[in-house]
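A structural walkthrough
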Amino acid sequence: VQFVESGGGLVQPGGSLRLSCLASGFTFSSYVMSWYRQAPGKERELVATISSAGGSTNYADSVKGRFTISRDNAKSSMYLQMNSLKPEDTAVYYCNKDRAKRRDIWGQGTQVTVSS
């Protein structure tokens, strides 16, 4: 199992970024998938979840209406479109199966920094 996250960077408040996740080592299309994030000094938190076929999504209240999760099962890839970014969105963002535990395999994540 492997996850490779990309697309992070430094952006001003109000800006946008699109994160990508490439998964391998398992049947991607069979799993509900999620984006998570971890801010400095805080626990990792769930950001958004998408069903295996992509027809159902859920979001943390803090990102609802600003972030959009999507997936392309043919490419074993998942995406997170982030708009209207706020400084409090600053974190390392990770993708994984839904309900992933700390002991599970994680990628290196991609750093998102929102600052003027």
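Summarised in this report is the structure supplied together with it. Note that the structure is a prediction, hence the values are computed from the model and not measured.

1. Regarding the overall build of the protein
Along its length, the protein carries 0 helices and 10 strands. At 13 Å, the protein has a C-alpha radius of gyration in line with the 13 Å of a compact globule built from 116 residues. On the principal axes, the C-alpha backbone points of the protein span a range of 40 × 30 × 20 Å. Across the 116 residues in the protein, those meeting the buried criterion constitute 41%. For the protein, the accessible area works out to roughly 6300 Å², and carbon and sulfur atoms hold 46% of it. When the 14 basic and 9 acidic side-chain charges of the protein are each reduced to a single mean position, those positions are 3 Å apart.

2. A closer look at the sheet that holds strand β8 (residues 77–82)
The strand order across the open sheet formed by 4 strands is β1-β3-β8-β7, and the pairing between neighbours is antiparallel. Looking at strand neighbours, the two that pair on one side only are β1 (2–6) and β7 (67–72), the edges of this open sheet. Taken pair by pair, the neighbouring strands of this sheet meet at an average axis angle of 15°, ignoring direction.

3. A short note on the environment of N96
The residue N96 is located in strand β9 (residues 91–97) in this model. Taking relative accessible area as the criterion, N96 reaches 3% and is therefore assigned buried. Along the primary structure N96 and E5 are separated by 91 residues, whereas in three dimensions their C-alpha atoms are 9.9 Å apart. For N96, the residues in contact, after removing those within four places along its chain, are F3, M33, S34, Y36, I105 and W106. Within polar-contact distance, the side chain of N96 engages the backbone oxygen of I105 at 2.9 Å.

4. Observations regarding unusual backbone geometry
Here the phi dihedral of S76 falls at roughly 50°; this positive angle occurs in a residue that is not glycine. Among the structural elements, S76 can be located in the loop between β7 and β8. Residue class for S76 comes out partly exposed when judged on its relative accessible area of 22%.

5. A short note on the nonpolar core
Grouped together as the largest cluster of nonpolar side chains are 27 residues, with contacts concentrated most on W35, V47, F67, M78, L80, M82 and Y93. Looking at this core, the elements that each hand over two or more residues are β3 (17–24), β4 (33–38), β5 (45–50), β7, β8, β9 and β10 (110–114). Looking at this core element by element, the count peaks at 4 residues for β3. Not counting the four nearest positions on each side in its chain, L80 is found in contact with L17, R18, L19, W35, V47, A48, F67, T68, I69 and Y93. Formed by 5 residues, the second largest nonpolar core is a distinct cluster that contains Y36, V92, Y94 and W106.

The rules behind each value
- Residues numbered from 1 in each chain as written.
- Predicted model: local features only at pLDDT ≥ 70, side-chain atom pairs only at ≥ 80, totals over all residues.
- Heavy atoms only, no water.
- Helix = DSSP H or I, 4+ residues; strand = E, 2+ residues; numbered from the N terminus.
- Rg over C-alpha atoms; globule rule 2.2 N^0.38 Å.
- Buried < 20%, exposed > 50% of the residue type's maximum accessible area, 1.4 Å probe, protein only.
- Areas by Shrake-Rupley, 256 points an atom, 1.4 Å probe, with all protein chains shown as cover.
- Lys, Arg positive; Asp, Glu negative; His and termini not counted.
- Charge placed at Lys NZ, Arg CZ, Asp CG, Glu CD.
- Pairing = 2+ DSSP bridges.
- Axes fitted to C-alpha atoms, helices over the stretch in contact; angles between N-to-C directions.
- Contact = heavy atoms within 4.5 Å.
- Polar contact = N/O pair within 3.5 Å; in protein donor to acceptor, adjacent residues only side chain to side chain.
- Core = buried A, V, L, I, M, F, W, Y, C linked by side-chain atoms within 4.5 Å.

These values are about where atoms sit, not about what they do.
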